[in-house]
Amino acid sequence: MKVFLIDDQKITNVLNKKYLNMIREDLVIYDFDDPELALEALEREKPALIFLDLNMPIVSGWDILSFMRNHHIEIPVIILTSSNSQQDREKATLYHNVFSFQLKPLTKIGFTDLLDGALKSGNEGEIGSKLVPDQNTEK
Amino acid sequence: MEGTQSYLGYKILFEAMVRFSAGISEVKSLENLPGEISRHLKYLINFQDFRFYYVVPEGMDGILVDKGGYTSYEFRCHLDPNSVEAEVMETGIPTQVTCSETGHQIHCWKFTTGRNQDSLIRIRSQDTVSLAENSIPIIKVINKMVAARVENLKMIDLIHRQNQKLETLTVSLHSKNEEVRELNRLQEATIEVKTARLKSSNSKLKALIQFNSHQLREPLTRVLGMIAIKDDIPQGEFISDILPLMQESVLDLDLAVREVIERSELLKEEIETT
C-alpha cells in the first residue's frame, strides 16, 4: 500500500516514516519535503493515503487539497499540522476526502490509534478498506 | 384785477410748495437736507435765516439755512438757554421779538405732534407783517414736511445701521460656521487616521496570532517528535539519525521565539502610540 508523507520539514517525514514502518510492514512510503514534487507524483503513483502538513511555503497543504478537488483525485487525507487553529479545523471539513485532523507531533501511540480508528470504520466506509487492506499485518 | 393777482400769487406759491416738497423728498441723507431746503425756501417765505429743530426724547437735531446760502445740519445740538428758542421750547407760546442790533424780526413757533416728537422753527426776517399773519399756514406745512422727512431719513439711517450690524453678524457667523466645518474636517481626518492605525494594529495582531499558531509551534513539534521517538528506536539509530537534526530544530525554535518577542514589542509600541 502506497502512502505519501508531505511535509516541508525533512525531520518530520523521517520521524513519521519510522513510526509507520514500526506499525505496518506492507507500506510503501513516499516522503516529500517539496510539495510540488508531491503534486506531480499524485496522479502517477495514486497513493492509498496521504499524510499532509498545512503550513508550507510556496505550495501549502490547502493548495494540494484544492488541486485534488479540481482534478477529482479521491485519495483519503490525514492532516498533520502544528497549529491547533479552530479556523483551520473548520476549513478542513470543507474537503470531504480529509477524514482526520491531527496535531503534531504524532507519536507511535497516535499513529496506532489513527490506523485502528481507520480500521474500525473500515467495515462501513471506503476509506477504511483502502487504509487497511490486510488486517493480519496490523500491529 | 385783485382777484387775478391773488390767483396768480396762489399759483406761484403752489408751484413753489410742490418743488419744495418734491425736492426734500428726493434727499437721500440728513446732511443734504438743509441744502435742498435752502434751494426752495426763498420762494415760500421772506427770511434772513431759518432754523428748524427736530426734538425727540433721545435728543435734538438742528437745521440752519441763511439767505446767503450757508447751510448746516447739526446732530445732537443744544439751545442757548437765554435764547428765544429756549423760551418757546419751554412755554410753547409763539413769540415775535425785534432784534435790537439789526432791527430784524425774530419769529419762533413750537409744534407738537403728540408722538413724543416736537419741532421748533425760528425765522429771522426783515418782513414785519406777512410772517406774523399770512404765512402761518405755510410755516405749518413746511414744519410738517421737514419734520416728516427728518423722521423718515432717521428711520432709513437706523435701518441702514441695523442692516450693517446684521451683515457684520452674518459675516462673523459665516466665519464661525467655516471654523466649525474646519474643526469637523480635522476631527474626521483624525478619526480616519486613528481607524486606519487601529485596523493596521488589528491585522498585525491577527498576523501575530497566526504566526504564534504556526511558525512558533512548528519547530517545537519537531523537537517534541524527536524526543518522543527516543524510546521507540535503538539508541544507535537515535544518535546517528535523529540527534544531528535536533540542533537545527532547536535553533529554528529559538529564532521563532525571538521573532515573536520582536513582533509583540513592535505591536505594543504601535498600540500605545495610537
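The structure displayed is predicted, hence computed values, not measured ones.

J.: Where do I start with the pattern of salt bridges in this structure?
T.: Pairing is possible between side chains that carry opposite charge, provided their charged atoms lie close to one another. Applying the stated criterion across every chain, the model contains 27 salt bridges over all chains. The salt bridge partner of K104 of chain A is D7 of chain A, with a shortest N-O separation of 2.7 Å. Taken together, the residues K104 of chain A in the loop between strand 5 (98-103) and helix 5 (108-120) and D7 of chain A in the loop between strand 1 (2-6) and helix 1 (10-23) connect sequence positions 97 residues apart. In this pair, the class of K104 of chain A matches that of D7 of chain A, namely buried. The partner of E259 of chain B in a salt bridge is R263 of chain B, and the shortest N-O contact between them spans 3.2 Å. On the criterion of helical spacing, the pair formed by E259 of chain B and R263 of chain B is a turn pair, its members being four residues apart in helix 5 (residues 235-273). Given a relative accessible area of 34%, E259 of chain B falls into the partly exposed group. One continuous salt-bridge network, built from bridges that share partners, spans D49, R51, E85, R122 and R124 of chain B.

J.: Where do I start with the pairing of strand 3 (residues 71-74) of chain B in this structure?
T.: A regular strand places its side chains so that they alternate between the two faces of the sheet. All names here are of chain B. Bridge count between strand 2 (residues 59-66) and strand 3: four bridges; the pairing is antiparallel. Its bridge partner lying in strand 3, L64 is registered against S72. Between strand 2 and strand 3, which pair antiparallel in sequence order, lie four residues; one of them, G69, sits at a positive phi of approximately 100°.

J.: Any chance you could explain the interface of chain A and chain B here in plain terms?
T.: By convention, interface size is frequently given as the accessible area that disappears when the constituent parts associate. On the chain B side, the residues contacting the 20 residues of chain A number 19 residues. Carbon and sulfur atoms make up 60% of the area that chain A and chain B hide from each other, which totals about 1700 Å². Three residues, I11, K18 and S82 of chain A, lead the burial of chain A against chain B; their summed loss comes to 30% of the area buried on that side. Taken together, chain A and chain B are joined by two salt bridges. Taken together, chain A and chain B are joined by six residue pairs in polar contact (both at pLDDT 80 or more). Tallied by class, the residues present in the side of chain A that touches chain B amount to seven nonpolar, nine polar and four charged.

J.: It is not clear to me how the sheet that holds strand 6 (residues 118-125) of chain B should be interpreted in this structure. Could you clarify?
T.: In any sheet, the strands associate via hydrogen bonds between backbone groups, in a parallel or an antiparallel arrangement. Residues and elements named next belong to chain B. If you walk across this open sheet you meet the six strands as 3-2-1-6-5-4, and the pairing is antiparallel. Each edge of the sheet is formed by a strand with only one pairing partner; in this case those strands are strand 3 and strand 4 (95-98). Pairwise comparison of adjacent strand axes, ignoring direction, gives a mean angle of 10° for this sheet. Each of strand 1 (49-56), strand 2 and strand 3 is contacted by helix 2 (residues 33-41), which is oriented at about 40° to strand 2, the strand it contacts most. Strands in contact with helix 4 (residues 136-229) are strand 1, strand 2, strand 3, strand 5 (105-112) and strand 6; relative to strand 1, the strand with the most contacts, it is inclined by about 50°.

J.: Help me understand the layout of surface pockets in this model?
T.: A probe as big as a water molecule, rolled over the atoms, marks out the empty space that is left. All names here are of chain B. Reported here for the largest pocket is a volume of approximately 370 Å³. Surrounding the largest pocket, 17 residues form its lining, Y54, V56, E58, K154 and M155 being those nearest its centre. In terms of residue count, helix 4 provides more of the lining of the largest pocket than any other element does, six residues in total.

J.: Even after reading the chapter, I still don't get the nonpolar core, so can you show me in this structure?
T.: If you look at soluble globular proteins, the nonpolar side chains tend to sit buried side by side. I37, F50, F52, I63, V146 and V150 of chain B are the most contacted members of the largest nonpolar core, which totals 30 residues. Of all the elements in the fold, those that place two or more residues in this core are helix 1 (2-26), helix 2, strand 1, strand 2, strand 5, strand 6 and helix 4 of chain B. When neighbours within four sequence positions are excluded, I37 of chain B is seen to be in contact with F20, I24, F50, I63, V65 and V146 of chain B. Within the second largest apolar cluster, 27 residues are counted, among which are I11, Y19 and L114 of chain A together with I242 of chain B.

J.: It is not clear to me how the confidence of the model for chain B should be interpreted in this structure. Could you clarify?
T.: Keep in mind that low pLDDT regions are not for reading the predicted coordinates in detail. Looking at chain B as a whole, the pLDDT averages 89, with 95% of positions reaching at least 70. The spread of mean pLDDT over the elements of chain B runs between helix 1 of chain B, the lowest at 84, and strand 3 of chain B, the highest at 95.

J.: Could you clarify how one ought to interpret helix 1 of chain A in this entry?
T.: Residue pairs spaced three or four apart in an α-helix point in one direction, given the helix's 3.6 residues per turn. Residue and element names in this part refer to chain A. When the terminal C-alpha atoms of helix 1 are compared, their 20 Å separation across 14 residues agrees well with the 20 Å that a helix rising 1.5 Å per residue should span. Within helix 1, 10 of the 14 residues are buried, which leaves the element mostly enclosed by the surrounding structure. All of the buried residues along helix 1 are I11, T12, N13, L15, N16, K18, Y19, L20, M22 and I23.

Reading guide: rules and limits
- Residues numbered from 1 in each chain as written.
- Chains lettered and ligands numbered in written order.
- Predicted model: local features only at pLDDT ≥ 70, side-chain atom pairs only at ≥ 80, totals over all residues.
- Heavy atoms only, no water.
- Salt bridge = Lys/Arg side-chain N within 4 Å of Asp/Glu carboxyl O.
- Helix = DSSP H or I, 4+ residues; strand = E, 2+ residues; numbered from the N terminus.
- Buried < 20%, exposed > 50% of the residue type's maximum accessible area, 1.4 Å probe, protein only.
- Pairing = 2+ DSSP bridges.
- Contact = heavy atoms within 4.5 Å.
- Buried area = accessible area lost by both parts, 1.4 Å probe.
- Polar contact = N/O pair within 3.5 Å; in protein donor to acceptor, adjacent residues only side chain to side chain.
- Nonpolar A, V, L, I, M, F, W, Y, C, P; charged D, E, K, R; others polar.
- Axes fitted to C-alpha atoms, helices over the stretch in contact; angles between N-to-C directions.
- 1 Å grid on protein atoms, 1.4 Å probe; cavity = no way out; pocket = protein on both sides within 12 Å on 5 of 7 lines; lining within 4 Å.
- Points joined across faces, edges and corners; volume = space filled by probe spheres on them.
- Core = buried A, V, L, I, M, F, W, Y, C linked by side-chain atoms within 4.5 Å.
- pLDDT = per-residue confidence, 0-100.
- Expected span 1.5 Å × (residues − 1).

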